[in-house]
Amino acid sequence: QVQLVESGGGLVQAGGSLRLSCAASGSIASINAMGWARQAPGKQREAVTTITSGGITNYADSVKGRFTISRENAKNTVYLQMNSLKPEDTAVYYCNAKLRHYDGTILYNYWGQGTQVTVSS
């Protein structure tokens with residue numbers, strides 16, 4: 001069993017910063033990639049950013065230059081530093097991990113419960 005626990009969400013004013021973290025725990029042999037997605041009310045979930053175990057990152061155009069993803073591989077933890085926040089960044093942010101268990105080679109996707117980020121104008 002694998003669990004992803006997000007933390008760091010909250011309320012911040014436009015232009016402010018917030019740092020999210022996500023720790024993966026359980027039966028994990030290796031993590032191929034971790035990332036973040038978000039979902040605002042009335043909108044579809046959208047991918048925000050990903051990072052591979054080798055440190056390769058990808059960002060949605062809407063957050064490039066403002067958000068930074070990083071990892072501590074030894075802790076199976078991923079972070080999302082969010083700067084210059086905008087009201088449109090308001091959403092529930094979900095952590096995702098693509099990983100392999102000890103008993104197989106298949107990559108599995110796991111999701112956290114989400115953490116609320118609210119940016120006021």
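Rules behind the numbers
Residues numbered from 1 in each chain as written. Predicted model: local features only at pLDDT ≥ 70, side-chain atom pairs only at ≥ 80, totals over all residues. Heavy atoms only, no water. Helix = DSSP H or I, 4+ residues; strand = E, 2+ residues; numbered from the N terminus. Buried < 20%, exposed > 50% of the residue type's maximum accessible area, 1.4 Å probe, protein only. Contact = heavy atoms within 4.5 Å. Pairing = 2+ DSSP bridges. Axes fitted to C-alpha atoms, helices over the stretch in contact; angles between N-to-C directions. Phe/Tyr/Trp six-rings, centres within 6.5 Å; stacked < 30°, edge-to-face > 60°. Lys NZ or Arg CZ within 6 Å of the ring centre and 35° of its normal. Core = buried A, V, L, I, M, F, W, Y, C linked by side-chain atoms within 4.5 Å.

Colleague: Help me understand the side chain of R66, please; the structure alone is not making it clear to me.
Modeller: Tracing the chain through its elements places R66 in the loop between β6 (57–59) and β7 (67–72). For R66, a relative accessible area of 10% puts it in the buried group. If sequence neighbours within four positions are ignored, R66 has contacts with Q81, M82, N83, S84, L85, K86 and D89.

Colleague: Mind showing me how you'd approach the sheet that holds strand β1 (residues 2–7) here?
Modeller: Where strands meet in a sheet, backbone hydrogen bonds hold them as pairs that are either parallel or antiparallel. Across the sheet, which stays open at both edges, the 4 strands sit in the order β1-β3-β8-β7 with antiparallel pairing between neighbours. Each having just a single partner strand, β1 and β7 make up the two edges of the open sheet. Direction aside, neighbouring strands of the sheet carry axes that sit 15° apart on average.

Colleague: So what exactly am I meant to see when it comes to the environment of A24 here?
Modeller: Considering the arrangement of structural elements, one finds A24 in strand β3 (residues 18–26). Of the residues examined, A24 reaches a relative accessible area of 7% and is grouped as buried. For the pair A24 and L99, spaced 75 residues apart in the sequence, the C-alpha separation amounts to 9.9 Å. Other than its neighbours up to four places away in sequence, A24 contacts Q3, L4, I31, M34, K75 and N76.

Colleague: What should I look at first to understand the packing of aromatic side chains in this one?
Modeller: Here the distance between the centres and the angle between the planes together describe a pair of aromatic rings. Throughout the structure, instances matching the rule amount to 0 aromatic pairs. The aromatic ring of Y79 is capped on one face by R19, whose charged end is 4.4 Å from the ring centroid. Note that R45 overlies the ring of W111, its terminal NZ or CZ placed 3.8 Å from the centroid.

Colleague: Just checking my understanding: could you explain unusual backbone geometry for this structure?
Modeller: Leaving glycine aside, a negative phi is the common case for residues, and trans is the common case for peptide bonds. Positive phi outside glycine occurs at N76, with the angle close to 50°. Along the polypeptide, N76 turns up in the loop between β7 and β8 (77–82). Judged by its relative accessible area of 21%, N76 falls in the partly exposed class. The backbone of S84 shows a phi angle near 50°, a positive value even though the residue is not glycine. Note on placement: S84 falls in the loop between β8 and β9 (91–100).

Colleague: What exactly am I supposed to notice about the pairing of strand β4 (residues 30–39) here?
Modeller: Looking down a regular strand, the side chains alternate between one sheet face and the other. Counting buried positions along β4 gives 7 out of 10 residues, so the element sits mostly inside the fold. By the bridge criterion, 9 bridges tie β4 to β9 in an arrangement that is antiparallel. When the sheet's bridge partners are listed, W36 is paired in β9 with C95. Of the strand pairs in this sheet, β4 and strand β5 (residues 46–52) are connected by 6 bridges, and their pairing is antiparallel. Residue pairing for β5: M34 is matched across the bridge by I51. In textbook terms, the turn of a hairpin is the stretch between consecutive antiparallel strands, and for β4 and β5 this stretch comprises 6 residues, one of which, G42, has a positive phi near 80°.

Colleague: Got a minute to help me understand the nonpolar core in this structure?
Modeller: What tends to happen in soluble globular proteins is that the nonpolar side chains get buried as a cluster. Counting residues in each nonpolar core, the largest one holds 30 residues, and the members touching the most others are L4, M34, W36, F67, V78, M82 and Y93. Per element, the largest residue contribution to this core is 5 residues, and it comes from β9. The residues touching Y93, leaving out its near neighbours within four places in the chain, are E6, L20, W36, A37, R38, V48, F67, L80, M82, G114, T115 and V117.

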